[in-house]
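# Secondary and tertiary structure notes
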Amino acid sequence: MWLFAERGLIAKLMAAGRQSIPRAIQILRTSNLIRALFTDVDRTILTSDYRLPDAVVQKSKALGKQANIILATARSPGGVRALCETMGVEYAICFNGGWIGRPLERTTIFETTLDRDLALSIMKKTQEAAVASLWFSPDAIFTLNLTDVVAREAQITNEDVRAVRNLEDLPGNPYKIMCSRTNADDTAFDYLRSCFSSKCAVTGPHWRLLELTPGSVSKGDAASRLAQELGIPRSLCAAAGDAENDISLLKWAALPVTVANGIPECIAMARYVGPHADEGGMADVMEWLGRQQILEA
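Quick notes on the rules
Residues numbered from 1 in each chain as written. Predicted model: local features only at pLDDT ≥ 70, side-chain atom pairs only at ≥ 80, totals over all residues. Heavy atoms only, no water. 1 Å grid on protein atoms, 1.4 Å probe; cavity = no way out; pocket = protein on both sides within 12 Å on 5 of 7 lines; lining within 4 Å. Points joined across faces, edges and corners; volume = space filled by probe spheres on them. Nonpolar A, V, L, I, M, F, W, Y, C, P; charged D, E, K, R; others polar. Buried < 20%, exposed > 50% of the residue type's maximum accessible area, 1.4 Å probe, protein only. Helix = DSSP H or I, 4+ residues; strand = E, 2+ residues; numbered from the N terminus. Pairing = 2+ DSSP bridges. Axes fitted to C-alpha atoms, helices over the stretch in contact; angles between N-to-C directions. Contact = heavy atoms within 4.5 Å.

### Quick word on empty space enclosed by the protein
Picture a little ball the size of a water molecule; that probe, rolled over the atoms, points out where space is still empty. The tally for this structure, following the rule as stated, stands at 1 cavity of 30 Å³ or more. Lining the largest cavity are 22 residues, and of these D42, R75, M178, L209 and E211 lie nearest its centre. In terms of residue class, the lining of the largest cavity is made up of 8 nonpolar, 3 polar and 11 charged.

Here's what the structure looks like:
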């Protein structure tokens, strides 16, 4: 069982000589500070227009003195390199758990991809449904139709996108396929979910996006794998996220947190909810995390 308290609270109680400390605290075996924060990127540390607030950078560097800050995102490694450099982050979980490694060093700890036949069938269905879709290979993004919608999605993460003529020209096995729409009432995403939710992981981090990744991975599973790799117990891990693809991550962490724009499921799980991401809410969250002790009974 894990309990949480402001840093120094237990010491103050003991120093005051209070004997009526709750039994849950009397039987504590250990008291530790957080050693890892796994955090989502878009609309969590970044604003809705993809800015990284200065306050978030400052608080992440302060928290980073006691804990590993690890990005856990649907983005590609290339899509987070600039963030890693600015924030001083070494490790990242990308493609919703399909890739784990060090983006700046371009080194991989774990990776898995969609089956090629399944990926091609997804792309074919997106064509039939007139949905903009992006095929994420190890080195670039590919598409069958380079529309303004596709170009905008690649521009957000500052990545190259290349158009090919035919399905067979799409290279290798993709880490993920991302679909984008401009109308929240478009039912094509519901159609794609019905076609593929039993064959792979299908999540919507935002109303305009639908992401299809291998069914064997999730942010939560990837965080567990990386924490074990780094020798950090789950009991000393916090996690932040705002969307559907963050639910497994928040369920896994000992200390789940979110920002005010999080979906209801994330807010319901969170031990602390900071202001909206557009207000730099994660700066407030990180300051709060830095004051927490995880008390293991």
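### Re the pairing of strand 8 (residues 132-136)
Burial analysis of strand 8 places 5 of its 5 residues in the buried class, which makes it a mostly covered element. Neither face of strand 8 is exposed, since A132, L134 and F136 on one face and S133 and W135 on the opposite face are all buried. In this sheet, strand 11 (residues 176-180) lies alongside strand 8 in antiparallel orientation, the contact comprising 5 bridges. Bridge pairing in strand 11 places S133 opposite C179. Bridge count between strand 8 and strand 9 (residues 141-143): 2 bridges; the pairing is antiparallel. Following the sheet pairing, F136 is matched in strand 9 by I141. In textbook terms, the turn of a hairpin is the stretch between consecutive antiparallel strands, and for strand 8 and strand 9 this stretch comprises 4 residues.

### Things to note about the sheet that holds strand 13 (residues 209-213)
Sheet architecture is open: 6 strands sit in the order 10-9-8-11-13-12, paired in mixed fashion. Edge strands, defined here as strands with exactly one partner in the open sheet, are strand 10 (161-163) and strand 12 (201-206). Each strand axis lies, on average, 25° off the axis of its neighbour in the sheet, ignoring direction. Summarising the sheet, strand 9 and strand 10 pair through 3 bridges and their orientation is parallel. Counted as the bridge partner of F142 is R162 from strand 10. Packing against the sheet, helix 6 (residues 148-156) makes contact with strand 8, strand 9, strand 10, strand 11 and strand 13, and its axis sits at approximately 40° to strand 8. With respect to the sheet, helix 7 (residues 188-196) is in contact with strand 11, strand 12 and strand 13, its orientation differing from that of strand 13 by roughly 15°.

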